Amino acid sequence: MFRFFKRKPSTPETPQTASPAPDSVPPVTADEAVLAAAQEAAPGEEAEAPGQAVPAQPGSSSWLTRLRQGLRKTGAGLSGLFGGSRIDEALYEDLESALILADAGMPATQYVLEQLRKKVRATRAETPQQVRDLLREVLAELLAPLEKQLDIGKSTPTVMMMVGVNGAGKTTSIGKLTRHLQQAGCKVLLAAGDTFRAAAREQLAAWGDRNAVQVIAQQGGDPAAVAFDAVSAGRARGMDVVIVDTAGRLPTQLHLMDELKKVKRVIGKAMDGAPHEALLVIDATNGQNALAQLRAFDDTLGLTGIILTKLDGSAKGGVIAAIARERPVPIYFIGVGESLEDLQPFDARAFARALVG
Ligand SMILES: Nc1nc2c(ncn2[C@@H]2O[C@H](COP(=O)(O)OP(=O)(O)OP(=O)(O)O)[C@@H](O)[C@H]2O)c(=O)[nH]1
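Conventions used here
Residues numbered from 1 in each chain as written. Predicted model: local features only at pLDDT ≥ 70, side-chain atom pairs only at ≥ 80, totals over all residues. Near = placed C-beta within 6 Å. Nonpolar A, V, L, I, M, F, W, Y, C, P; charged D, E, K, R; others polar. UniProt positions renumbered as here; feature names shortened; annotations may be inferred. Helix = DSSP H or I, 4+ residues; strand = E, 2+ residues; numbered from the N terminus. Buried ≥ 20, exposed ≤ 12 C-beta atoms within 10 Å, placed from the backbone. Arc of directions from axis to C-beta. Contact = placed C-beta atoms within 7 Å. Domains from an automatic or database assignment. Axes fitted to C-alpha atoms, helices over the stretch in contact; angles between N-to-C directions. Pairing = 2+ DSSP bridges. Right-handed = clockwise from strand over helix to strand, strands pointing away.

*Asks:* Can you break down the site of the ligand residue by residue, with the values?
*Replies:* Taken together, 20 residues lie around the ligand, and Gly169, Thr171, Thr172, Gly248 and Gly335 are the ones closest in. When grouped by side-chain class, the residues that make up the shell around the ligand number three nonpolar, eleven polar and six charged.

*Asks:* I'd like a description of the UniProt feature "domain: SRP54-type proteins GTP-binding" (unreviewed entry) in the protein, backed by residues and values.
*Replies:* Following the UniProt record, the feature "domain: SRP54-type proteins GTP-binding" (unreviewed entry) maps to residues 330-343 here. Split by type, residues 330-343 is 0% helix and 43% strand. Its first and last C-alpha atoms lie 15 Å apart.

*Asks:* Break down the environment of Glu126 for me, citing the residues and quoting the values.
*Replies:* Position of Glu126 relative to the elements: it lies in the loop between α4 (106-123) and α5 (128-143). A tally of 12 C-beta atoms within 10 Å means that Glu126 is categorised as exposed.

*Asks:* Just give me the short version of helix α2 (residues 72-79), but keep the residues and values in it.
*Replies:* For α2, the full list of buried residues reads Thr74, Gly75 and Leu78. Around the axis of α2, the buried residues are gathered within 85° of arc, so they sit on the same side. Residues of α2 that are buried make contact with α3 (89-101) and α12 (348-356).

*Asks:* Give a description of the domain arrangement of the protein that names residues and reports values.
*Replies:* Entries for the protein in the domain assignment read domain 1 (61-146) and domain 2 (158-347). Each of domain 1 and domain 2 has a C-alpha centre, and these two points are 31 Å apart. Taken together, the contacts link 22 residues of domain 1 with 27 residues of domain 2. For the side of domain 1 that touches domain 2, the secondary-structure elements that each account for two or more residues are α1 (61-70), α2, α4 and α5. A per-class count over the side of domain 1 that touches domain 2 returns 16 nonpolar, three polar and three charged.

*Asks:* Let's hear about the packing of α2 against α12: which residues, and what values?
*Replies:* At their nearest, the axes of α2 and α12 sit 7 Å apart, and the two run at 65° to each other. Residues Thr74, Gly75, Leu78 and Ser79 of α2 lie in contact with α12, whose contacting residues are Ala354, Leu355 and Val356. Among the residues forming the contact of α2 with α12, the class breakdown is four nonpolar, three polar and no charged.

*Asks:* Report on the pairing of strand β9 (residues 305-309), specifying residues and quantitative values.
*Replies:* Burial analysis of β9 places four of its five residues in the buried class, which makes it a mostly covered element. Relative to β9, strand β8 (residues 277-283) runs parallel, the two being bridged by five bridges. Across the sheet, residue Leu279 finds its bridge partner in β9, namely Gly305. In the classification by handedness, the crossover that spans β8, the intervening helix α10 (residues 288-301) and the parallel β9 is right-handed. For β9 and strand β10 (residues 331-335), the ladder comprises three bridges, and the chain directions are parallel. Counted as the bridge partner of Leu308 is Ile334 from β10. As for the winding sense of the linkage, the β-α-β connection from β9 through helix α11 (residues 319-326) to β10 is right-handed.

Here you go:
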């Protein structure tokens, strides 16, 4: 088994186009379209053998800089509060407003303030700068249970199903994740489970092309059938990971939520115990509405994890505190920009530090 996430300093920011090797992996079924077929490491990259530990590398300075830049909008309201000379009620009130404006929601805001007051008393803090340090601690402790690494290799293939509302960043996140998984030595197969929108299939195929991975797709048809074919193909071809994209949908579209249950069930028929991951991609700019999405998708599917995107475009990243307090589903990755390197493993302590300054 190996754990994800790996980064290499030399990784280019945009995916390379690798020359496909269409003969290397024949189609499995007649009605399946293999849009890209070159399951090899991209040129210039050494693949690592599965079975190795692939540690997260959230320690580098460029990683932290990106995180800080990404969280600038959400952090803006918080980081400027600690320049004064006294700890007084006004400071706590400003903090409360900043947290609510960042969409942390009332329960998480109250919790953070209570914990902070306790720590201030216990440590006999005297300056706002000390309060800032304690706030970092409180946030890091609150968010720590959300931290979890994606484990690949317990099952071969590890099957992941990606769900979310339209435009949340599912396909983009699949592309980024695929690239990073490849860098960690994984063989990846993608399933274009959005059978409604031809553009969605094409978008996934383009990512497949750039990353030189196979994409299983059908024109029209049943998303569950595409998922079934992809998982079967993944097993037959010895893939490490199969990622199933799904069409965007609102939690209020009950028939479409039922369709997701069906896709999940059918994946389970193609492989016992699959999907191993049901991942919700959430757009952080949705703020508190993201929490409503999380509840609905979790109730429907039993989510195993979250990818929280677009933190860079949002002043509402405080919703992460609401997630921790109200529906603590692990956050595997956060998106803090559009480039490949901007999909980062979630690290509670680094996040709190980047947020509070
Ligand atoms: N700034 C920023 N943009 C992002 C991030 N993740 C995704 N995007 C952008 O969000 C837009 C929508 O992303 P998609 O991947 O197409 O979203 P989707 O969920 O697959 O959309 P549907 O197929 O309509 O369901 C694209 O323009 C992406 O480039 C991020 O972390 N930060």
